[in-house]
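Results of the structural survey
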Amino acid sequence: MEPKELVWIGSSRKDLKAFPAPVRRCFGLSLFAAQLGEWPPDAKPLKDFGGSGVMEIIQDHRGDTYRAVYTVRFAAKVYVLHAFQKKSKSGIATPQHEIELIRTRLKWAQRLYAGKGRED
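All figures in this text were calculated on a predicted structure; none of them were measured in a lab.

Time to look at the pattern of salt bridges. Close approach of charged atoms allows side chains of opposite charge to pair. Summed over all chains, the structure comprises 2 salt bridges. In this structure, the salt-bridge partner of lysine 77 is glutamate 5, at a minimum N-O distance of 3.6 Å. Taken together, the residues lysine 77 in strand 5 (residues 77-86) and glutamate 5 in strand 1 (residues 5-8) connect sequence positions 72 residues apart. For glutamate 5, a relative accessible area of 38% translates into the label partly exposed. We note a salt bridge from glutamate 56 to arginine 67, for which the minimum N-O separation is 3.1 Å. Of this pair, glutamate 56 sits in strand 3 (residues 54-61) while arginine 67 sits in strand 4 (residues 64-71), and the two are 11 residues apart along the sequence.

Shown next as structure tokens:
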């Protein structure tokens, strides 16, 4: 099977590149599995996004938590919407400002997929 194209939205690629090497490696393997149409073992649907179309990967490293969010809602591509280090120490919920950024970038990905936008 030919891997789906991986498309980075906004600063997601630059942000992920700033993560520690073990975190980048884990996320890279998970994203590649998604490109192959598989469900990565460390991925789960992101709450409040209506099902399994928006996925979240969580990786802990040396006391810090890193997250990458991508969507598989589109047949031919996997869009990486956001990559960030979770700063909040209270609870496991994704902070609201991060959710809003993900929503904005998901709309951006929808426009790109429909041919109505640019990736930069």
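Picking up after the structure, the text goes on.
Sheet topology places strand 2 (residues 43-45) next to strand 3; 3 bridges connect them, and they run antiparallel. Within strand 3, the residue paired with proline 45 across the bridge is methionine 55. As judged from the 8 bridges shared by strand 3 and strand 4, these two strands associate in the antiparallel manner. Counterpart to histidine 61 in the pairing with strand 4 is aspartate 64. Counting the residues that bridge the hairpin from strand 3 to strand 4 gives 2 residues, and of these arginine 62 lies at a positive phi of roughly 50°.

Attention shifts here to the environment of glycine 28. Secondary-structure assignment places glycine 28 in helix 2 (residues 21-35). Look at glycine 28 and you get partly exposed, because its relative accessible area is 34%. Placed 55 residues apart in sequence, glycine 28 and alanine 83 show a C-alpha to C-alpha distance of 12 Å.

Moving on, we come to helix 2. With 15 residues, helix 2 should reach 21 Å at 1.5 Å per residue; the first-to-last C-alpha distance of 21 Å fits that figure. Residues Val23, Cys26, Phe27, Ser30, Leu31, Ala33, Ala34 and Gln35 constitute the buried set of helix 2. Looking at the buried residues of helix 2, the elements they touch are strand 1, helix 1 (12-17), strand 3, strand 4 and strand 5. Directly beyond the C-terminal end of helix 2, a positive phi value near 85° is found at glycine 37.

We now examine the sheet that holds strand 3. Strands sit in the order 1-5-4-3-2 across an open sheet of 5 strands; the sheet is mixed. Two strands lie at the open edges of the sheet, namely strand 1 and strand 2, each paired on one side alone. Geometrically, the sheet is characterised by an average inter-axis angle of 30° between neighbouring strands, direction not taken into account. Lying on the sheet, helix 2 is in contact with strand 1, strand 3, strand 4 and strand 5; it crosses strand 3 at an angle near 155°. The sheet contacts of helix 3 (residues 96-113) involve strand 3, strand 4 and strand 5, and relative to strand 5 the element is tilted by about 165°.

Moving on: the pairing of strand 5. Counting buried positions along strand 5 gives 8 out of 10 residues, so the element sits mostly inside the fold. In this sheet, strand 5 lies alongside strand 1 in parallel orientation, the contact comprising 4 bridges. Along strand 5, the bridge assignment pairs glutamate 5 with lysine 77. Alignment of strand 4 against strand 5, held across 7 bridges, turns out to be antiparallel. Note that in strand 5 the partner of threonine 71 across the bridge is tyrosine 79. Counting the residues that bridge the hairpin from strand 4 to strand 5 gives 5 residues.

So, how was this worked out
Residues numbered from 1 in each chain as written. Predicted model: local features only at pLDDT ≥ 70, side-chain atom pairs only at ≥ 80, totals over all residues. Heavy atoms only, no water. Salt bridge = Lys/Arg side-chain N within 4 Å of Asp/Glu carboxyl O. Helix = DSSP H or I, 4+ residues; strand = E, 2+ residues; numbered from the N terminus. Buried < 20%, exposed > 50% of the residue type's maximum accessible area, 1.4 Å probe, protein only. Pairing = 2+ DSSP bridges. Expected span 1.5 Å × (residues − 1). Contact = heavy atoms within 4.5 Å. Axes fitted to C-alpha atoms, helices over the stretch in contact; angles between N-to-C directions.

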